[in-house]
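# Structural features, examined
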Amino acid sequence: MPKGVVDKRDAILRAAGKVFAERGYHATGISDIARELGAGHGTFYRYFKNKEDIARSVVSRALGRVTDALSDEDPGSSETLGQYREQVRRIGHKLFDLVVAEPELCRILFYDAIAIDRAEPRAAGQAMEAAAAYTAAFIRNGQDRGFLRRDVDAHVVGLAVNGVIVTGAVRLLHVQDPGAMREPWIHTVETLMFDGLGSS
């Protein structure tokens, strides 16, 4: 795809993401996105079929940003307990930084993704399963190396840990000083994993 086309699509998606986050998916019209972008309606229809097509692309872009943030964190790479705990903290900081840096992206994921995908809800479910599988692989590495208890299901634990992370991230969107939540949030996830799930 030519760079000019990629740049234009990205500009539309950034504008759409901002408006969806502010107004909500259902309350947003193409005219609202056009106003934010400073372009005519015709611009959108050269790149997207309709509002739903734009919205799904916004969600895909948001999910891609999360994936990119963790792309260098191999869930099976830690070999020592020190490395493992440090990786937990590092992942926490990366996710925290993403929520703080791009709150509009996170509002789309946490509030509008399911509404956007209502006509074909598989994408939201697949994203949740992919996140659970990633975390389960991380938990399984800890179990295999004796850092975490082996008598719990890694997949279920992955869902539970992700639930804590998502709840903390949603909370970040509604506080005046998100920086004050950084250490308590990351420390709580780490404590739950090692004191609540620890092997001894």
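Let me begin by describing the structure that accompanies this report. The structure displayed is predicted, hence computed values, not measured ones. The numbers attached to residues start from 1 for each chain and follow its sequence in the written order. With pLDDT at 70 or above as the cut-off, local features in this predicted model cover only qualifying residues; side-chain atom pairs require 80 or more to be listed or tallied, and sums for whole chains, interfaces and linings still use all residues. Side-chain measures here rest on the full set of heavy atoms in the structure, leaving out hydrogens and waters.

### Looking at the overall build of the chain
Here a strand is any run of E in DSSP of at least two residues, a helix any run of H or I of at least four, and the numbering for each starts at the N terminus. A count of helical and extended segments in the chain gives nine helices and zero strands. Going from N to C terminus, the chain has its helices and strands arranged as α-α-α-α-α-α-α-α-α. Residue exposure (1.4 Å probe, protein chains only): buried if accessible area is under 20% of the type maximum, exposed if over 50%, otherwise partly exposed. Put simply, the chain has 200 residues, and 40% of those count as buried. Any pair of residues with heavy atoms lying within 4.5 Å of one another is described as a contacting pair. Within the chain, contacts between residues at least 6 apart in sequence are counted, and of these 69% link residues at least 24 apart. The protein chains shown are the only cover counted for residues, whose accessible areas, like all others here, come from Shrake-Rupley with a 1.4 Å probe. Working note: accessible area of the chain is about 10,700 Å², and carbon and sulfur atoms make up 54% of it.

### Here's the deal with the environment of Gly24
Looking at the element boundaries, Gly24 is found in the loop between helix H1 (3–23) and helix H2 (30–37). Classification of Gly24 by relative accessible area gives buried; the value is 18%. Counting along the chain gives 84 residues from Gly24 to Ile108, while the straight-line C-alpha distance between them is 8.3 Å.

### Things to note about the packing of aromatic side chains
A pair of aromatic rings is counted whenever rings of Phe, Tyr or Trp (Trp by its six-membered ring) have centres within 6.5 Å, and the orientation is called stacked for planes under 30 degrees apart, edge-to-face for over 60 and tilted otherwise. Enumeration over the complete set of coordinates arrives at five aromatic pairs. With a centroid separation of 5.4 Å and an interplanar angle of 50°, the aromatic rings of Tyr84 and Phe147 are classed as tilted. Of this pair, Tyr84 sits in helix H5 (residues 81–101) while Phe147 is found in the loop between helix H7 (122–144) and helix H8 (154–172), placing the two residues 63 residues apart along the sequence. When sorted by exposure, Tyr84 lands in the same class as Phe147, which is buried.

### Overview of the packing of H8 against helix H9 (residues 182–196)
Put simply, H8 and H9 touch, their axes get as near as 11 Å, and they point 165° apart. By the angle class used here, H8 and H9 are roughly antiparallel. As for how H8 packs across H9, the hand of that crossing is right-handed. On H9, the residues that touch Val161, Val164, Ile165, Gly168, Ala169 and Leu172 of H8 are Trp185, Val189, Leu192 and Met193. Under the grouping applied here, Gly and all other residues not named as nonpolar or charged are polar, the nonpolar ones being Ala, Val, Leu, Ile, Met, Phe, Trp, Tyr, Cys and Pro and the charged ones Asp, Glu, Lys and Arg. Residue composition of the contact of H8 with H9, by class: nine nonpolar, one polar and no charged. Axes here refer to lines fitted to C-alpha atoms; in helices the fit is confined to the stretch in contact. Angles between the N-to-C directions go from 0 to 180 degrees. Here roughly perpendicular refers to angles of 65 to 115 degrees, roughly parallel to angles under 35, roughly antiparallel to angles over 145, and oblique to all remaining angles. Here a crossing is taken to be left-handed if its near helix is turned anticlockwise relative to the far helix by less than a right angle, and right-handed if that turn runs clockwise.

### Section: helix H4 (residues 51–69)
A helix is expected to span 1.5 Å for every residue after the first. With 19 residues, H4 ought to run about 27 Å at 1.5 Å a step, and its terminal C-alpha atoms sit 27 Å apart, in line with that. Polar contact is the term for a pair of N or O atoms within 3.5 Å; when the atoms are in protein, one must be able to donate a hydrogen and the other to accept it, and sequence-neighboring residues count only if both atoms are side-chain atoms. Residue Asn50 occupies the N-cap position of H4, its side-chain oxygen lying 3.2 Å from the main-chain nitrogen of Glu52.

### A short note on the packing of H4 against H5
When two helices pack together, their arrangement is captured by the angle between the axes and the distance separating the axes. Their axes nearest at 10 Å, the elements H4 and H5 cross at an angle of 145°. Every pair of crossing elements has a handedness; the one defined by H4 and H5 is right-handed. Every residue of H5 that contacts H4 at Arg65, Val66 and Ala69 is listed here: Lys94, Leu95 and Leu98. In terms of residue class, the contact of H4 with H5 is built from four nonpolar, no polar and two charged.

### Examining the nonpolar core
Counting residues in each nonpolar core, the largest one holds 45 residues, and the members touching the most others are Phe20, Ile54 and Met193. Looking at this core, the elements that each hand over two or more residues are H1, H2, H4, H5, helix H6 (103–116), H7, H8 and H9. Think of a nonpolar core as a cluster: buried Ala, Val, Leu, Ile, Met, Phe, Trp, Tyr and Cys residues, connected wherever their side-chain atoms sit within 4.5 Å.

### So, the pattern of salt bridges
Throughout this description, the term salt bridge denotes a Lys or Arg side-chain nitrogen within 4 Å of a carboxyl oxygen of Asp or Glu. In total, this model carries 16 salt bridges according to the counting rule given. The shortest N-O distance in the salt bridge between Asp32 and Arg23 comes to 3.5 Å. Across the pair Arg149 and Asp151 runs a salt bridge, and its minimum N-O distance is 2.8 Å. One network of salt bridges, in which partners are shared, links Asp72, Glu73, Arg90 and Lys94.

### A few points about the environment of Asn50
Relative to the helices and strands, Asn50 resides in the loop between helix H3 (41–45) and H4. For the pair formed by Asn50 and Ile30, sequence separation is 20 residues and the distance between their alpha carbons is 8.2 Å. A polar side-chain atom of Asn50 sits 2.8 Å from the main-chain amide nitrogen of Asp53.

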